[in-house]
Amino acid sequence: MTQILAVGVITVLAVIAPGADFAMIVRNSYLYGRRTGLFAAAGVAAGVLVHVTYTLLGVGLLIASSTALFTVIKLIGAAYLVYVGIRTYRTRGELKIDLDDRRELTPFAALRTGFLTNVLNPKTTLFVVSTFAQVVGPDTPLYRQVGYGLFMSLAHLLWFGVVATFFSQARMRALMLRGQKVLNKVIGSVLAGLGISLALAPSH
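First, a word on scope: everything that follows refers to the structure included in this document.

### A few points about the overall build of the chain
Scanning the chain for helices and strands turns up nine helices and zero strands. Written out in order from the N terminus, the α and β elements of the chain read α-α-α-α-α-α-α-α-α. Here the chain, with 204 residues, has 45% of them falling under the buried criterion. Long-range contacts, defined as pairs at least 24 residues apart, comprise 88% of the intrachain contacts of the chain with a sequence gap of at least 6. With an accessible surface of roughly 10600 Å², the chain has 69% of that area assigned to carbon and sulfur atoms.

See below:
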């Protein structure tokens, strides 16, 4: 139950923390409308599954080959969560979103843009790897690991679907961006605390 709760909290915080994927969804929804934003959100969710797939394989190999190395990766992952938490807490500037380029986007182009944004996003890579390193151990069933991955992808789809819906309405843009600084401090504090608690937790 603790593992499931940790995955849920870390995933939600990582998803709603403004980053490259958030800026892309906001831009596409604001410029081209809700439909385009939703296709981009689906692309982001599909991109997460790529990270989940290679992480599942990699973590499995690490556990099978070297428990000590896996423990090191676990501690590095926890340190990364603390680092991201502190960095997010200290963020002062507002997210920059380019709203000048108004070239048309087809549904496929929007899907591809969302997919590539997350597949090539180091933040997503480290988030998935770090989270799995904290909650997966030799006794974690494969079905649960797959469930974690599907939850991560679904969380991205739902959140960015909401963002696309809101930002396709011009008057909502300023309202959502206005609360960014407070959101960063909350997310940063919780992530840093989780990173420390997971690092100190007994190994599987």
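### Focus: the packing of aromatic side chains
On inspection of all chains with the given rule, the structure shows two aromatic pairs. Look at Phe22 and Phe167: their rings are 6.0 Å apart centre to centre, the planes differ by 90°, and that puts the pair in the edge-to-face class. Of the two residues, Phe22 sits in helix α2 (residues 20-32) while Phe167 sits in helix α7 (residues 142-167), which places them 145 residues apart along the sequence. According to the relative accessible area criterion, Phe167 is buried, its value standing at 0%. Between Phe132 and Tyr148, the aromatic rings sit 6.4 Å apart at their centres with planes inclined by 75°, giving edge-to-face as the arrangement. Placement of the pair is Phe132 in helix α6 (residues 122-135) and Tyr148 in helix α7, with a sequence separation of 16 residues. Exposure remark for Tyr148: the relative accessible area of 5% places this residue in the buried category.

### Looking at α2
Across its 13 residues, α2 extends 18 Å between first and last C-alpha, which sits within 8% of the 18 Å expected from 1.5 Å per residue. In the segment just after α2, Gly33 is the residue with positive phi, at about 105°.

### Things to note about the nonpolar core
Core analysis: the largest hydrophobic core is formed by 15 residues, its most contacted members being Val52, Phe132 and Met152. Contributing elements (two or more residues each) for this core: α1 (2-16), α3 (34-65), α6 and α7. Beyond its immediate sequence surroundings of up to four residues, Val52 is in contact with Val128, Phe132, Gly149 and Met152. Judged by nonpolar contacts, the second largest core, of 14 residues, contains Val26, Ala41, Ala110 and Phe160.

### A short note on the side chain of Asn28
Its location among the elements puts Asn28 in helix α2. Given a relative accessible area of 1%, Asn28 falls into the buried group. Setting aside residues up to four positions removed in sequence, Asn28 forms contacts with Gly33, Thr36, Ala40, Leu105 and Thr113.

Parameters at a glance
Residues numbered from 1 in each chain as written. Predicted model: local features only at pLDDT ≥ 70, side-chain atom pairs only at ≥ 80, totals over all residues. Heavy atoms only, no water. Helix = DSSP H or I, 4+ residues; strand = E, 2+ residues; numbered from the N terminus. Buried < 20%, exposed > 50% of the residue type's maximum accessible area, 1.4 Å probe, protein only. Contact = heavy atoms within 4.5 Å. Areas by Shrake-Rupley, 256 points an atom, 1.4 Å probe, with all protein chains shown as cover. Phe/Tyr/Trp six-rings, centres within 6.5 Å; stacked < 30°, edge-to-face > 60°. Expected span 1.5 Å × (residues − 1). Core = buried A, V, L, I, M, F, W, Y, C linked by side-chain atoms within 4.5 Å.

Taken by themselves, the reported measurements are silent on function.
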